[in-house]
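Each chain, letter by letter, is given below.
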Amino acid sequence: MTNSNVTVDLQKLEKLLNKVGDLVITNSMMSQSVDNLPASEEKKNLLEKITLFQRHIVELQDYATDIRMITFESMYGIYNDVVHELTPSNKLIKLQIVGGDTKVDKSLVEQLDFCIKTLITNSILYGIETQEERIAKDKNPEATIRVIAQQLNGQIEFTIEDDGKGFPKEDLDFEDDFHKTEEENQLKNIHKIKEKLERLNGKMEIKSDIEEGFSFTITVPLTHSILDGLNIKVGDNIFILPTSSIIESVQPSKEMIKLVGDGSSSLLMLRDEFIPIIRLYEYLNIVPKTKELTQGILIIVKSGTQKAAFFIDEFLQQQQVVLKAIETNFKKVDSVAGATVRGDGSIGIIIDVKSILENF
């Protein structure tokens with residue numbers, strides 16, 4: 001029987017994906033050039049061919065990406081082995097994978113392997129109580145560790161959480177040195193996690209409540225990603241909003257706007273739901289064409305369980321863009337997920353919906 005598997009250098013796959021990204025940009029340039037032509041039968045034919053070319057690029061990008069991607073669910077066995085090997089006899093722990101169908105870059109998972117295993121180990125050894133302690137607290141004697149994966153706005157996010165006793169806040173102040181006790185040696189590895197994330201231009205978020213458990217979130221930007229985006233206009237500036245974050249758009253009437261408190265904040269009432277309104281011109285410090293909510297557009301966006309309505313002047317065409325992380329040559333900027341090259345050669349800024357909602 002012939003072996004159909006072939007080993008390919010990840011750097012070669014990276015170059016292939018970069019070339020696919022270049023094709024997307026070139027196709028966008030051609031499309032814009034054809035759009036500028038006067039209406040004719042020839043222009044119509046060219047646009048049809050460009051649309052077909054774009055479809056082929058999307059298929060090629062999917063094939064190239066799939067070569068180096070794995071479903072996160074495939075990591076269950078590896079992490080479950082850690083749980084089985086390290087769980088002491090007086091504890092009962094099960095592992096759950098959430099977002100198992102999320103496709104992740106195998107090389108990225110390998111780079112974060114130490115981080116995820118360390119956090120699982122923290123929960124097993126220090127975060128989760130013994131069966132007797134959990135029963136005394138009216139908890140399920142079997143504790144749960146969840147490893148959650150999701151991809152959003154050109155970023156991949158991993159959360160490791162448990163339903164244990166949590167860690168005291170003083171033990172989570174990783175800027176200070178720990179007392180060098182045996183229990184804190186493992187927690188001190190979080191310094192190493194922080195260093196690894198900094199090399200990947202990533203960030204971490206820690207939540208710990210006594211008796212409510214521990215949650216550690218790792219967010220890492222993808223090196224590049226091809227995504228569908230909607231061009232939105234705020235004042236004289238055009239930004240790109242990932243369509244995966246968009247629920248719908250409305251042009252509100254006065255009856256749909258409800259003022260809050262002293263009137264400086266507003267809510268959108270949409271189908272018996274109150275949604276906070278974020279004026280992007282204020283958030284981005286831009287002079288808008290209008291400040292009247294009824295004269296602009298509200299785009300309802302969502303990130304996780306958070307939802308908001310972005311107030312913009314207008315929205316333009318939808319297009320496929322190549323997201324590039326800006327941290328490599330600049331620095332991380334709040335509210336910016338990355339940048340792309342437009343069809344006319346200019347730089348387009350891609351809005352980071354998640355960070356805006358979190359900051360708001």
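Quick note: structure is the one above.
Residues numbered from 1 in each chain as written. Predicted model: local features only at pLDDT ≥ 70, side-chain atom pairs only at ≥ 80, totals over all residues. Heavy atoms only, no water.

Colleague: Any chance you could break down the overall build of the protein chain for me, citing the residues and the numbers?
Modeller: A tally of helices and strands in the protein chain yields 10 helices and 18 strands. The burial tally for the protein chain puts 45% of its 360 residues in the buried class. Within the protein chain, contacts between residues at least 6 apart in sequence are counted, and of these 66% link residues at least 24 apart. Surface accessibility of the protein chain: about 19700 Å² in total, with carbon and sulfur atoms responsible for 50%. (Helix = DSSP H or I, 4+ residues; strand = E, 2+ residues; numbered from the N terminus. Buried < 20%, exposed > 50% of the residue type's maximum accessible area, 1.4 Å probe, protein only. Contact = heavy atoms within 4.5 Å. Areas by Shrake-Rupley, 256 points an atom, 1.4 Å probe, with all protein chains shown as cover.)

Colleague: Now, about the packing of aromatic side chains: what can you tell me, with residues and values included?
Modeller: Summed over all chains, the structure comprises four aromatic pairs. Look at Phe72 and Phe158: their rings are 5.3 Å apart centre to centre, the planes differ by 45 degrees, and that puts the pair in the tilted class. Here the residue Phe72 occupies a position in the loop between β1 (69-71) and α3 (76-86), and Phe158 occupies one in strand β5 (residues 155-162), the gap between them amounting to 86 residues. Accessibility classification places Phe72 together with Phe158 in one group, the buried group. Residues Phe214 and Phe216 carry aromatic rings whose centres are separated by 6.4 Å and whose planes lie at 45 degrees to one another, so their mutual orientation is tilted. Relative accessible area serves as the criterion here: at 2%, Phe214 is assigned to the buried category. Residue Phe216 is classed as buried on the basis of its relative accessible area, which comes to 0%. An aromatic cluster is built from Phe72, Tyr79 and Phe158, whose rings are joined through pairwise contacts. Arg279 extends its terminal NZ or CZ atom over the ring of Phe311, reaching a point 5.8 Å from the ring centre. (Phe/Tyr/Trp six-rings, centres within 6.5 Å; stacked < 30°, edge-to-face > 60°. Lys NZ or Arg CZ within 6 Å of the ring centre and 35° of its normal.)

Colleague: Before we move on, could you go through helix α5 (residues 113-127) and cite the residues and values that matter?
Modeller: The end-to-end C-alpha separation of α5 is 20 Å, in line with the 21 Å expected for 15 residues at 1.5 Å each. In terms of residue burial, α5 counts as a mostly covered element, since 11 of its 15 residues are buried. (Expected span 1.5 Å × (residues − 1).)

Colleague: Outline the sheet that holds strand β13 (residues 273-279), listing residues and values.
Modeller: With mixed pairing, the six strands of this open sheet are ordered in space as β10-β14-β15-β13-β12-β11. Each edge of the open sheet is held by one strand with a lone partner, namely β10 (246-250) and β11 (257-260). Direction aside, the axes of adjacent strands within the sheet are offset by 35 degrees on average. For β13 and strand β15 (residues 306-312), the ladder comprises three bridges, and the chain directions are parallel. By the bridge assignment, Ile278 is partnered in β15 with Phe310. (Pairing = 2+ DSSP bridges. Axes fitted to C-alpha atoms, helices over the stretch in contact; angles between N-to-C directions.)

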